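An overview of the molecular structure
One letter stands for each residue in the lines below.
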Amino acid sequence: GENVEQHPSTLSVQEGDSAVIKCTYSDSASNYFPWYKQELGKRPQLIIDIRSNVGEKKDQRIAVTLNKTAKHFSLHITETQPEDSAVYFCAAPRAGYSTLTFGKGTMLLVSP
Amino acid sequence: EPEVTQTPSHQVTQMGQEVILRCVPISNHLYFYWYRQILGQKVEFLVSFYNNEISEKSEIFDDQFSVERPDGSNFTLKIRSTKLEDSAMYFCASMPYGTGYEQYFGPGTRLTVT
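Here's a quick rundown of the structure. (Residues numbered from 1 in each chain as written. Chains lettered and ligands numbered in written order. Predicted model: local features only at pLDDT ≥ 70, side-chain atom pairs only at ≥ 80, totals over all residues. Heavy atoms only, no water.)

Description of the overall build of chain B
Check the secondary structure of chain B and you find zero helices and 11 strands. Counting from the amino terminus, chain B carries its helices and strands in the arrangement β-β-β-β-β-β-β-β-β-β-β. The long-range share in chain B, meaning contacts at least 24 apart out of those at least 6 apart in sequence, stands at 54%. Put simply, chain B shows about 5,800 Å² of open surface, and 46% of that area lies on carbon and sulfur atoms. Taking the average location of the 9 positive side-chain charges in chain B and that of its 14 negative ones, the two points are 4 Å from each other. (Helix = DSSP H or I, 4+ residues; strand = E, 2+ residues; numbered from the N terminus. Contact = heavy atoms within 4.5 Å. Areas by Shrake-Rupley, 256 points an atom, 1.4 Å probe, with all protein chains shown as cover. Lys, Arg positive; Asp, Glu negative; His and termini not counted. Charge placed at Lys NZ, Arg CZ, Asp CG, Glu CD.)

Here's what the structure looks like:
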């Protein structure tokens, strides 16, 4: 099955700084890579995703990059704000399946 | 915007009791999932359901677990004889099409087994 590793487990930044979270995956045939944000006690919510036919995708302050050769993808948040504080999960499906394997999560703390 | 809904929001049960967690997926979605999240840990896949049958299940989803879509709207997860280690947040999710699309998560049911 798919194995997803995520680093770091916690990340503390000052407001306005950038934050980068990295994930690696094991199944070279995986073709879809979502990132979810989970606030305390809430549901995971998709914030951005990327498919394997592109190397980068941006949505305002959030971007995701994908390196298929190295089997890793990263979440980049620029100009961080306190409301970005949450746990972020990367995920990947096993090739041919839709079910997601999640990373262990990164707790992002943005200090004002 | 349509959302996945789940009931109850919190369920407390005694060890050995049966529980049924209920979900109403988004109406035109075709794929349905149950995930669980033990407090402070990652989200773990339990089972996926498509075309009125289980399409995939994890090693967590043993004989104590079952899923049903009893009518055109509800999707249920039953745990026959709960154990202490079943205590977790259970999320239902649905997806409109096949692989490579967003899975929409429900708000979760917190199950506490005492």
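Now that the structure is up, let's keep going.
A closer look at the side chain of Thr80(A)
By the secondary structure assignment, Thr80(A) is in the loop between strand 8 (72-77) and strand 9 (86-93). Each residue touching Thr80(A), except ones within four places of it in the same chain, is listed here: Val13(A), Gln14(A), Glu15(A), Gly16(A), Asp17(A), Ser18(A), Ala19(A), Arg61(A) and Val110(A).

Some thoughts on the interface of chain A and chain B
Taken together, the 19 residues of chain A in the interface contact 23 residues of chain B. For the pairing of chain A and chain B, the buried interface totals around 1,800 Å² over both sides, and the portion due to carbon and sulfur atoms is 54%. Considering only the side of chain A, the residues that lose the most area to chain B are Arg43(A), Thr99(A) and Phe102(A), jointly responsible for 33% of the buried surface there. In this assembly, chain A and chain B are joined by one salt bridge. The salt bridge partner of Glu3(B) is Arg43(A), with a shortest N-O separation of 3.8 Å. In this assembly, chain A and chain B are joined by eight residue pairs in polar contact (both at pLDDT 80 or more). Going through the elements one at a time, strand 4 (32-38), strand 5 (45-51) and strand 10 (100-102) of chain A are the ones with two or more residues in the side of chain A that touches chain B. Element by element, the count of residues in the side of chain A that touches chain B is highest for strand 4 of chain A, at three residues. Here the side of chain A that touches chain B is built from residues that sort into eight nonpolar, six polar and five charged. (Buried area = accessible area lost by both parts, 1.4 Å probe. Salt bridge = Lys/Arg side-chain N within 4 Å of Asp/Glu carboxyl O. Polar contact = N/O pair within 3.5 Å; in protein donor to acceptor, adjacent residues only side chain to side chain. Nonpolar A, V, L, I, M, F, W, Y, C, P; charged D, E, K, R; others polar.)

Some remarks on the sheet that holds strand 8 of chain A
All names here are of chain A. Pairing in this open sheet of five strands is antiparallel, and the strands run 1-3-8-7-6 from one edge to the other. Looking at which strands have only one partner, the edges of the open sheet turn out to be strand 1 (4-7) and strand 6 (56-59). Going from strand to strand, the sheet's axes swing by 15 degrees on average, the running direction of each strand aside. Bridging between strand 6 and strand 7 (residues 62-67) involves four bridges; their strand directions are antiparallel. Note that in strand 7 the partner of Lys 58 across the bridge is Ala 63. (Pairing = 2+ DSSP bridges. Axes fitted to C-alpha atoms, helices over the stretch in contact; angles between N-to-C directions.)

Re the environment of Arg110(B)
With respect to the element layout, Arg110(B) can be found in strand 11 (residues 109-113). Residues Arg110(B) and Met89(B) lie 21 residues apart in sequence; the distance between their C-alpha atoms is 4.3 Å.

Let's talk about the pattern of salt bridges
Residue and element names in this part refer to chain A. Under the defined criterion, the tally for this structure stands at five salt bridges over all chains. The partner of Lys 37 in a salt bridge is Glu 39, with the nearest N and O atoms 3.6 Å apart. For Lys 37, a relative accessible area of 17% translates into the label buried. Since its relative accessible area comes to 36%, Glu 39 is described here as partly exposed. Of the charged contacts in the structure, one is a salt bridge between Lys 57 and Asp 49, with a shortest N-O distance of 2.9 Å. (Buried < 20%, exposed > 50% of the residue type's maximum accessible area, 1.4 Å probe, protein only.)

Section: the environment of Asn3(A)
All names here are of chain A. Here Asn 3 shows up in the segment before strand 1. Overall, the relative accessible area of 41% leaves Asn 3 in the partly exposed class. For the pair Asn 3 and Ser 98, spaced 95 residues apart in sequence, the C-alpha separation works out to 15 Å. Setting aside residues up to four positions removed in sequence, Asn 3 forms contacts with Thr 24, Tyr 25 and Ser 26. A distance of 3.3 Å separates polar atoms of two side chains, one belonging to Asn 3 and the other to Glu 5.

Some details on the nonpolar core
Trp35(A), Phe73(A), Leu75(A), Tyr88(A) and Leu108(A) are the most contacted members of the largest nonpolar core, which has 24 residues in total. Those elements that place two or more of their residues in this core are strand 2 (10-14), strand 3 (19-25), strand 4, strand 5, strand 7, strand 8, strand 9 and strand 11 (106-111) of chain A. Residue contacts for Leu108(A): discarding those within four places in its chain leaves Leu11(A), Val13(A), Ala19(A), Ile77(A), Asp84(A), Ser85(A), Ala86(A) and Tyr88(A). One finds Ile26(B), Trp34(B), Val47(B) and Phe49(B) within the second-largest nonpolar core, a separate group that totals 22 residues. (Core = buried A, V, L, I, M, F, W, Y, C linked by side-chain atoms within 4.5 Å.)

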